[in-house]
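# Coordinates in review
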Amino acid sequence: MYFQILLIQGCWFLGDLMCVLYVVFDFIITSASIGNMVLISVDRYVAICDPLRYPTKVTQKRVKICVCLCWLFSSLCNTLFLKDNLKEPGRYNSCIG
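Treat the numbers as computed from the prediction; the structure is a model and nothing was measured. (Residues numbered from 1 in each chain as written. Predicted model: local features only at pLDDT ≥ 70, side-chain atom pairs only at ≥ 80, totals over all residues. Heavy atoms only, no water.)

### Details of the overall build of the protein chain
Of regular secondary structure, the protein chain possesses 5 helices and 0 strands. Mapped in sequence order, the helices and strands of the protein chain form the string α-α-α-α-α. Residue pairs in contact within the protein chain that sit at least 24 positions apart in sequence constitute 67% of those at least 6 positions apart. Accessible surface for the protein chain amounts to roughly 7,400 Å². Of this, 70% is attributable to carbon and sulfur atoms. (Helix = DSSP H or I, 4+ residues; strand = E, 2+ residues; numbered from the N terminus. Contact = heavy atoms within 4.5 Å. Areas by Shrake-Rupley, 256 points an atom, 1.4 Å probe, with all protein chains shown as cover.)

Below, the structure written as structure tokens:
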């Protein structure tokens, strides 16, 4: 919330590096949240369509692995996608100020 207030005021006080990290973490959290919603949807689909085999198909270990892979894939893809921003902070001024 605090970062949003800094961004809305029209002047970014935290420097180029924090601006880039803010954008990267924003992308990572957003895409990982969408991935988690997809995993929840798959879980509910399996629970409804195949309820007798659900406990054997969906175990706690598999769920943990899938969620970790979702976050890892999200972090990796978005870091690679925004690697130019990480190499040269301030090159693409995505933050105002």
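### Structural notes on the packing of aromatic side chains
According to the stated counting rule, one finds 1 aromatic pair in the structure shown. For the pair Phe27 and Phe81, a centre-to-centre distance of 6.2 Å together with 35 degrees between the ring planes defines the contact as tilted. Here Phe27 is found in helix H2 (residues 15-49), whereas its partner Phe81 is found in helix H4 (residues 60-81), with 54 residues between them in sequence. By relative accessible area, which is 35% here, Phe27 ends up partly exposed. Accessibility expressed as a relative area gives 60% for Phe81, which makes it exposed. (Phe/Tyr/Trp six-rings, centres within 6.5 Å; stacked < 30°, edge-to-face > 60°. Buried < 20%, exposed > 50% of the residue type's maximum accessible area, 1.4 Å probe, protein only.)

### Points about H4
For H4, built from 22 residues, the straight-helix expectation of 32 Å at 1.5 Å per residue is met to within 8% by its first-to-last C-alpha distance of 31 Å. All buried positions along H4 are accounted for by Cys70, Ser74 and Asn78. Looking down the long axis of H4, one finds its buried residues gathered within 35 degrees of arc, a one-sided arrangement. Opposite the buried face of H4, at more than 90 degrees from it, the exposed residues are Lys61, Lys64, Cys68, Leu69, Leu72, Phe73 and Leu80. Packing partners of the buried residues in H4 comprise H2. (Expected span 1.5 Å × (residues − 1). Arc of directions from axis to C-beta.)

### A few points about the side chain of Asp50
Looking at where Asp50 falls in the secondary structure, it is placed in the loop between H2 and helix H3 (54-57). In contact with Asp50, other than residues within four places in its own chain, are Tyr45 and Lys57.

### With respect to the environment of Thr30
Along the polypeptide, Thr30 turns up in helix H2. Sequence separation between Thr30 and Ser74 is 44 residues, and the spatial gap between their C-alpha atoms is 8.9 Å.

### Considering a nonpolar patch on the surface
Side chains of Phe25, Ile29, Val63, Val67 and Trp71 sit close together on the surface and give an oily, nonpolar patch of about 430 Å² of accessible area. For the nonpolar patch, the secondary structure elements donating two or more residues are H2 and H4. Examining the composition of the nonpolar patch, we find that 3 residues originate from one element, H4, more than from any other. Its place among the elements puts Val67 in helix H4. (Patch = residues over 30% accessible without salt bridge, like charges linked within 9 Å, V, L, I, M, F, W, Y side chains within 5 Å. Salt bridge = Lys/Arg side-chain N within 4 Å of Asp/Glu carboxyl O.)

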